[in-house]
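Listed below, chain by chain, are the residues.
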Amino acid sequence: MAEFVRLEVEDGVGTIRLDRPKMNALNVQVQEEIRAAATEASQRDDIKAVVVYGGERVFAAGADIKEMADMSYVDMVKRSGALQSSFTAVARIPKPVVAAITGYALGGGCELALCADVRFAAEDAAIGQPEILLGVIPGAGGTQRLTRLVGPSRAKDIIFTGRFVKADEALAIGLVDRVVPADRVYDEALAWARQFSNAATYAVRAAKESIDQGLEVDLDTGLAIERQQFAALFATEDRRTGMTSFVESGPGKAEFQGR
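Residues numbered from 1 in each chain as written. Predicted model: local features only at pLDDT ≥ 70, side-chain atom pairs only at ≥ 80, totals over all residues. Heavy atoms only, no water.

What about the packing of helix α5 (residues 142-150) against helix α6 (residues 152-161)?
Right, on to step 1. Interaxial distance between α5 and α6 falls to 7 Å at its minimum, and their mutual angle equals 135°. With respect to each other, α5 and α6 are oriented oblique. Classified by chirality, the crossing of α6 by α5 is right-handed. Of α6, the residues touching α5 (which contributes Gly142, Thr143, Leu146, Thr147 and Val150) are Pro152, Arg154, Ala155, Ile158 and Ile159. (Axes fitted to C-alpha atoms, helices over the stretch in contact; angles between N-to-C directions. Helix = DSSP H or I, 4+ residues; strand = E, 2+ residues; numbered from the N terminus. Parallel < 35°, antiparallel > 145°, perpendicular 65-115°, else oblique. Left-handed = near helix turned anticlockwise from the far one by under 90°. Contact = heavy atoms within 4.5 Å.)

Rendered as structure tokens:
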């Protein structure tokens, strides 16, 4: 049984909930519990979408600096791969993932949010990569995922300065996708995730994989990935259901079985 991260499932949505008071500091134990929750969410057929949530007060205020303070270069060489891969496990959940950001999402907290497909933030949320103020750089994907999301110049400004980005600016630059009152963040994220409860599971998965893999390659290779995924869906029952329903009853009425 995990101590600080739990996977809660209801109505087809899995919530990966961080609960390490006071600020959800992301120590090694929390990192590994995130990996375990992401792996379980990936494997469970009853989970169609995922919300990553840190509670009403804070998403995650970053790494556990007390734990890191005495680590040597050799120590971090041994640990850094596992640190990155624990967050990458969230990015590779083959289902829609939304981060519900309250309070602070800083350092590792920001990097965890970047692993989601979309991000909903509270009006008073603050997001940033302040590692430079500690004499280091983001080490769990921040230099790469933030740059891909907001562009190199904006990522450099945020990372070089270590400043906190307020919710309205985060929305303007595409760092978050929706800003809502703080007491509505989780409900809004849950509602977004629930729309996939009866979706064509393998089509959604194919769309996510095509987009994510395509971002890493040239256009021709990306088109080849899309073509293969598109053709493969013609082997699914949901494709037959969806097209038959469209022909007989019009769009939006198909009842998919997720197979």
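Considerations on the sheet that holds strand β2 (residues 13-18)
Right, on to step 1. Spatial ordering of the open sheet is given by β1-β2-β3-β4-β6-β9, a layout of 6 strands whose pairing is mixed. If you trace the sheet from one side to the other, it starts and ends with β1 (5-10) and β9 (178-180), each paired once. Geometrically, the sheet is characterised by an average inter-axis angle of 20° between neighbouring strands, direction not taken into account.
Right, on to step 2. Two strands pair when backbone bridges link them, and strand β6 (residues 118-122) and β9 are joined in this way by 3 bridges, in the parallel orientation. When the bridges of β9 are listed, Ala121 appears paired with Val179.
Right, on to step 3. Along the sheet, helix α8 (residues 185-194) makes contact with β1, β2, β3 (49-53), β4 (97-101), β6 and β9, crossing β4 at roughly 170°. (Pairing = 2+ DSSP bridges.)

Description of the pairing of β4
Right, on to step 1. Burial of β4 is extensive: 5 of the 5 residues sit out of reach of the surface.
Right, on to step 2. Where burial is concerned, the two faces of β4 agree: the one with Val97, Ala99 and Ile101 and the one with Val98 and Ala100 are both buried.
Right, on to step 3. Two strands pair when backbone bridges link them, and β3 and β4 are joined in this way by 4 bridges, in the parallel orientation. Residue Val51 lies in a different strand from β4, and its bridge partner there is Val98.
Right, on to step 4. As paired elements, β4 and β6 share 4 bridges and run parallel to each other. Within β6, the residue paired with Ala100 across the bridge is Phe120. (Buried < 20%, exposed > 50% of the residue type's maximum accessible area, 1.4 Å probe, protein only.)

Some remarks on the sheet that holds strand β7 (residues 126-128)
Backbone-to-backbone hydrogen bonds pair the strands of a sheet. The strands run either parallel or antiparallel.
Right, on to step 1. Pairing in this open sheet of 3 strands is mixed, and the strands run β5-β7-β8 from one edge to the other. For this open sheet the edge positions go to β5 (104-106) and β8 (164-166), each flanked by a neighbour on one side alone. Each neighbouring strand pair of the sheet contributes to a mean axis angle of 20°, computed without reference to strand direction.
Right, on to step 2. Two elements, β5 and β7, share 3 bridges in a ladder whose sense is parallel. Across the sheet, Tyr104 pairs through a bridge with Ala126, a residue of β7.

Quick word on helix α9 (residues 201-214)
Right, on to step 1. The end-to-end C-alpha separation of α9 is 20 Å, in line with the 20 Å expected for 14 residues at 1.5 Å each.
Right, on to step 2. Every buried residue of α9 is accounted for by Ala206, Lys208 and Ser210.
Right, on to step 3. Looking at the packing, one finds that the buried side of α9 touches α3 (73-91), β4 and α10 (219-232). (Expected span 1.5 Å × (residues − 1).)

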